[in-house]
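Reading the structure
What follows is the residue order along each chain.
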Amino acid sequence: MGSALDLGQDANVTAHWTTADIPDQTGRIAVITGANTGLGLETARALAAAGARVVLAVRDLDKGSAAIAEIKTTAPESNLALQRLDLSSLSDIRAAAGQLSGDYPQIDLLINNAGVMYPPKGTTADGFELQFGTNHLGHFALTGLLSENLTAVRDSRVVTVSSNGHKFRAAIHFDDLQWERTYSRVGAYAQSKLANLLFTYELQRRLAAAGAETTALAAHPGASGTELMRHITFGPEAFSAAALKLAQSPAMGALPSLRAATDPAASGGQYYGPSGFGEFRGYPKVVRSTKQSHDEALQQRLWSVSEELTGVRFPV
């Protein structure tokens, strides 16, 4: 089982990895958060086409139903289901996890894909800063609540979607995690995406120490033209017009998550992203995250704080 620092050269053998390289997923259960649009929709589409039973975990059931209808126009035999999930509410996460646990005692893939990026200052139902609460704490809680369903399956995987944004103005502000004293939408987003990686690497270490056959991996889509970019405006806290022009399609942006989820050569603790310049676009390969993301003391401290804030304890 690989470690967070194992870049696994064998995992990069396929230079132009695409959905055609996804192995048969028949019989596997995949739960994808935020699967009604963008990257999540493309991830669901690809896994369903490969034979998996895909559960679209979404906040808006009407939009989820529309996503299912869209997938079925090209793949009518797709095995799809809906689960309401609002990652900005711990009570809703617990309810959804309870439903999923009952419906699917064994879960092969959990893809923590949903997220918010650069919104105006806001809070979750539990008073957490919106980006940290949704992007990190929501997925931390969901993963913990479904962990026994995942560890019941050999070669199950947890894939958490981070971002190149974890490199810029990123820190875990333990003295003001909820940005109550001041607010930077870019800084808050960077904190949440760094947290995604810290969580992945600590989860992988705990799984390996427990001898579990579940692995934790991370991915990022590069620059991808999805609804996530709706809060971007041109200014000091925004992507430049040149960067936006580099954006690739959601289908291409989903490939790193799909490779992390399905490539037989992938191993725990790896981080997948686009292979092109600056990791903005291109086919997926194993990429490096920042030195800060590999700080074990930081990983462990964030884990402890996340347990306290969510009230969720992992069995590993």
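Residues numbered from 1 in each chain as written. Predicted model: local features only at pLDDT ≥ 70, side-chain atom pairs only at ≥ 80, totals over all residues. Heavy atoms only, no water.

Focus on the overall build of the chain
Counted only if it meets this: Runs of H or I in DSSP of at least four residues are treated as helices and runs of E of at least two as strands, each being numbered from the N terminus. Each residue gets one of three labels from its accessible area relative to the maximum for its type: buried under 20%, exposed over 50%, partly exposed in between, using a 1.4 Å probe on protein chains only. The contact rule is simple, with two residues in contact once any of their heavy atoms fall within 4.5 Å. Using a 1.4 Å probe, the Shrake-Rupley method yields the accessible areas, and only the shown protein chains count as cover for residues.
When helices and strands are tallied, the chain shows nine helices and eight strands. Counting across all 316 residues of the chain, residues that qualify as buried make up 58%. A sequence separation of at least 24 residues applies to 76% of the contacts in the chain between residues at least 6 apart. Summing over all exposed atoms, the chain offers an accessible surface of approximately 12700 Å²; the carbon and sulfur share of this is 51%.

Quick notes on the pairing of strand β5 (residues 157–161)
Basically, it comes down to this: Pairing between strands requires that DSSP locate at least two bridges from one strand to the other.
Within β5, five of the five residues are buried, which leaves the element mostly enclosed by the surrounding structure. Both faces of β5 are covered, namely the face carrying R157, V159 and V161 and the face carrying V158 and T160. Examined bridge by bridge, strand β4 (residues 109–112) and β5 share four bridges and lie parallel to one another. Bridging across to β5, L109 finds its partner in R157.

Notes on the side chain of Q270
For clarity, the threshold we go by: In the analysis that follows, any N or O atom pair within 3.5 Å is treated as a polar contact, provided that within protein one partner can donate a hydrogen and the other can accept it, and provided that, for residues neighboring in sequence, both atoms belong to side chains.
Turning to its location among the elements, Q270 is positioned in the loop between α8 (255–262) and β7 (271–274). There is a polar contact of 3.0 Å between the side chain of Q270 and the side chain of Y272.

Focus on the confidence of the model for the chain
How we decide: Along the chain, pLDDT gives the predictor's confidence residue by residue, from 0 to 100.
Per-chain confidence: the chain averages 90 in pLDDT, with 88% of residues scoring 70 or above. Of the regions scoring below 50 in pLDDT, residues 1–11 engages in 30 contacts with residues more than four places distant in sequence or in other chains. Within the model, pLDDT remains below 50 along residues 226–242, and this stretch shows 33 contacts once partners closer than five positions in the same chain are excluded.

Considerations on the environment of D108
When you line up the elements, D108 lands in the loop between α3 (90–103) and β4. Sequence-wise, D108 and R53 are 55 residues apart; in three dimensions their C-alpha atoms are separated by 10.0 Å. There is a polar contact of 2.8 Å between the side chain of D108 and the backbone nitrogen of I29.

Quick look at the pattern of salt bridges
Note the following rule: Salt bridges, as used here, are contacts in which a Lys or Arg side-chain nitrogen is within 4 Å of a carboxyl oxygen on Asp or Glu.
Under the defined criterion, the tally for this structure stands at 12 salt bridges. A salt bridge links D108 to R28, with the nearest nitrogen and oxygen atoms 3.7 Å apart. Taken together, the residues D108 in the loop between α3 and β4 and R28 in the segment before β1 (29–33) connect sequence positions 80 residues apart. Each member of the pair D108 and R28 is classed as buried. Between R84 and D92 there is a salt bridge, and its shortest N-O distance comes to 2.3 Å. Judged by its relative accessible area of 18%, D92 is buried. The network of salt bridges with common partners includes E202, R205, R206 and E296.

Quick look at the environment of S257
One can find S257 in helix α8. With a relative accessible area of 6%, S257 lands in the buried category. Sequence separation of S257 and L39 is 218 residues, and the distance between their C-alpha atoms is 8.8 Å. In this structure S257 touches V159, V161 and A219, once residues within four positions along its chain are discounted.

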